[in-house]
Amino acid sequence: MRLFAVLLLASISGCAGVNQLAALHQVEFRFDGITDPRVAGIHLSSLRSPDDVNPLDLGRLTLAIASKDVPLDLTVRIVGRNPETNKITAKLIGLDWWYLVDGRETVSGRITEGYQFPPGQPTEMPVLVTFNLVSFFGSDGKALLDTALALAGQRTSTHQVVMRLQPVIDTPYGHMKYPVPLELDLAQLAR
């Protein structure tokens, strides 16, 4: 009798884990834009070309290039939406992510903040991306600024930009990752 109770509890817990994985697997993730893009501390939101940089910011960029430290900082907004037809609130406990430019991983990280996806309600997950442009694109000032503007969505880009995501959920058997990472195409930043 005791063995039966343990097996019954294990099967119920297993069903809960499978249900949670199935619920999260139905969540649709999509790219929702870039906020607060900066290169070497220069706000890019109001710039459309390298010619729009004022002399003070140009000096800041020149010093950053001379020190070979030109950080690009931006927040990628990702929205997860659980369909109304899914009756279970999907729960995410972590998100491994990779930011790839032209097929090369520039930076990766992990969000450890939990998110819940109630049926029919979109949930925003901001991902802060920071990396040194010089490490990937050289030290030509105009080209770096042009690349930063393209990656920030301020102008048309020839770069392929992808955000790879691997959600992590909590189950009765421990943490479980999506079996296959999701990929969001961010190359459509500029409209």
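Check the entry above for the structure.
Residues numbered from 1 in each chain as written. Predicted model: local features only at pLDDT ≥ 70, side-chain atom pairs only at ≥ 80, totals over all residues. Heavy atoms only, no water.

Focus on the pattern of salt bridges
Consideration 1: Taken as a whole and assessed by the stated rule, the structure comprises eight salt bridges.
Consideration 2: Arg77 is the partner of Asp32 in a salt bridge, and the nearest nitrogen-oxygen pair spans 3.5 Å. Separated by 45 residues along the polypeptide, Asp32 in strand S1 (residues 28-39) and Arg77 in strand S3 (residues 71-81) bring together distant segments of the chain.
Consideration 3: The exposure class assigned to Asp32 is partly exposed, which follows from its relative accessible area of 27%. (Salt bridge = Lys/Arg side-chain N within 4 Å of Asp/Glu carboxyl O. Helix = DSSP H or I, 4+ residues; strand = E, 2+ residues; numbered from the N terminus. Buried < 20%, exposed > 50% of the residue type's maximum accessible area, 1.4 Å probe, protein only.)

Comments concerning the pairing of S1
Two faces, one strand: in a regular strand the side chains alternate between the faces of the sheet.
Consideration 1: As paired strands, S1 and S3 are joined by eight bridges and run antiparallel to one another. What sits directly across from Phe29, in S3, is Gly80.
Consideration 2: Pairing of S1 with strand S2 (residues 42-43), which is carried by two bridges, proceeds in the antiparallel orientation. Within S2, the position partnered with Arg38 by the bridge is His43.
Consideration 3: Connecting S1 to the antiparallel partner S2 that follows it, the hairpin turn spans two residues, and Ala40 within it adopts a positive phi of roughly 50 degrees. (Pairing = 2+ DSSP bridges.)

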